[in-house]
Amino acid sequence: PACASAPARILPEPAPYPMPCAATNATRNAPIRVCRSHVHAHGILHRDVKPGNMLVTSAGHVKLGDFGAAQRAADTTPGDWTAGPLWAAPEVLATRPYGPPADVWSVGISAIQMVQHLPPYHDVHPLRARSLIVEGGPPALSRPQDQSEAFLAFLARCLAKAPDERATAAELLAGSAFLRPEN
């Protein structure tokens, strides 16, 4: 099962379905199709979504690893985020309450990193990066003209600055043209 590595104390049951996708589609499938909807449906936040925690098996199945920072959404408190700040949502870095939308933000940052090979703000001082994430606009691709409209729309839905304006994992699965195989 896709979520078999999740500690039983956090995730009460494994994902009820395998997560098949071609390795070449890892960029579009890994961030979303790997346990996102399943863990969020159980009130769990991964809290460390990034490409380094996305694994592709030899069969092409994508799995989300490293649930060491995972926590029940109800148990989170502002300021307790442990993952890297470059993938953290604005509300997390501003030490405001957060929930599943913070993981969705991390999905968007991971998608940018998979395309550009580095996350946004990798080249600035960490304190400046933190300030840009909290106070600036959503991170942008360095060459958006090289990407499809579907991918750009997907990023916009993941990287809305206000958590209540971000798509949920379930909404992304159901309505993102980027996640359809033909795109």
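Caption draft 1: Geometry of the packing of helix 4 (residues 100–116) against helix 6 (residues 149–158). Axis separation between helix 4 and helix 6 bottoms out at 8 Å; the angle between their running directions is 145°. For the pair helix 4 and helix 6, the contacting residues are Val104, Trp105, Val107, Gly108, Ala111, Ile112 and Val115 in the first and Phe151, Phe154, Leu155 and Cys158 in the second.

Caption draft 2: Region of the structure containing the nonpolar core. In this structure, Trp81, Val92, Phe151, Phe154, Leu155, Cys158 and Leu159 are the most contacted members of the largest nonpolar core, which totals 37 residues. If you list the elements that add at least two residues to this core, you get strand 1 (44–45), helix 3 (90–93), helix 4, helix 5 (126–135) and helix 6. Considering every element that reaches this core, the biggest residue donor is helix 4, with seven residues. Sequence-distant contacts of Phe151, that is, excluding residues within four places in its chain, are made with Ala111, Val115, Leu141 and Phe178.

Caption draft 3: Looking closely at unusual backbone geometry. Of note, Arg47 is a non-glycine position whose phi angle comes to about 70°, a positive value. Within the secondary structure layout, Arg47 lies in the loop between strand 1 and strand 2 (54–56). According to the relative accessible area criterion, Arg47 is buried, its value standing at 5%. Positive phi outside glycine occurs at Tyr121, with the angle close to 65°. Within the element layout of this structure, Tyr121 appears in the loop between helix 4 and helix 5.

Caption draft 4: Region of interest: the packing of aromatic side chains. The final tally for this structure, using the stated rule, is one aromatic pair. Centre to centre, the rings of Phe151 and Phe154 are 6.4 Å apart; their planes meet at 20°, and the pair counts as stacked. Taken together, the positions of Phe151 and Phe154, both in helix 6 and three residues apart, correspond to about one turn of that helix. Using a relative accessible area of 1% as the deciding quantity, one classes Phe154 as buried. The ring of Trp87 has Lys50 lying over it, and the distance from NZ or CZ to the ring centre is 5.5 Å.

Caption draft 5: Broad picture of the environment of Trp105. Positionally, Trp105 belongs in helix 4. Given a relative accessible area of 0%, Trp105 falls into the buried group. Between the alpha carbons of Trp105 and Thr168 there is a distance of 9.9 Å; along the sequence they are 63 residues apart. Not counting residues up to four positions away in its chain, the partners in contact with Trp105 are Trp87, Ala88, Ala89, Pro90, Ile133, Pro138, Pro139, Cys158, Leu159, Ala160, Lys161 and Arg166.

Caption draft 6: Quick look at the side chain of Glu91. Structurally, the position occupied by Glu91 is in helix 3. Discounting residues that sit within four places of it in the chain, Glu91 has contacts with Arg96, Pro97, Tyr98, Pro101, Ala102, Lys161, Pro163 and Arg166.

Caption draft 7: View of helix 6. Where helix 6 is concerned, the buried positions are Ala150, Phe151, Phe154, Leu155 and Cys158. For helix 6, the angular spread of the buried residues around the axis is 140°, confining them to a single face. Turned more than 90 degrees off the buried face of helix 6, the exposed positions are Glu149 and Ala156.

Caption draft 8: Up close: the environment of Ile133. Position of Ile133 among the secondary structure elements: in helix 5. Spatially, the C-alpha atoms of Ile133 and Trp87 are 9.4 Å apart, while their sequence positions differ by 46 residues. Leaving out residues up to four positions away in the same chain, Ile133 has contacts with Pro85, Leu86, Ala88, Ala89, Pro90, Leu93, Trp105, Tyr121 and Lys161.

Caption draft 9: How the structure looks around the environment of Met54. Take Met54: it is sitting in strand 2. Once the C-alpha coordinates of Met54 and Ser110 are considered, the two residues, 56 residues apart in sequence, prove to be 9.7 Å apart.

What counts, and where the lines are drawn
- Residues numbered from 1 in each chain as written.
- Predicted model: local features only at pLDDT ≥ 70, side-chain atom pairs only at ≥ 80, totals over all residues.
- Heavy atoms only, no water.
- Axes fitted to C-alpha atoms, helices over the stretch in contact; angles between N-to-C directions.
- Helix = DSSP H or I, 4+ residues; strand = E, 2+ residues; numbered from the N terminus.
- Contact = heavy atoms within 4.5 Å.
- Core = buried A, V, L, I, M, F, W, Y, C linked by side-chain atoms within 4.5 Å.
- Buried < 20%, exposed > 50% of the residue type's maximum accessible area, 1.4 Å probe, protein only.
- Phe/Tyr/Trp six-rings, centres within 6.5 Å; stacked < 30°, edge-to-face > 60°.
- Lys NZ or Arg CZ within 6 Å of the ring centre and 35° of its normal.
- Arc of directions from axis to C-beta.

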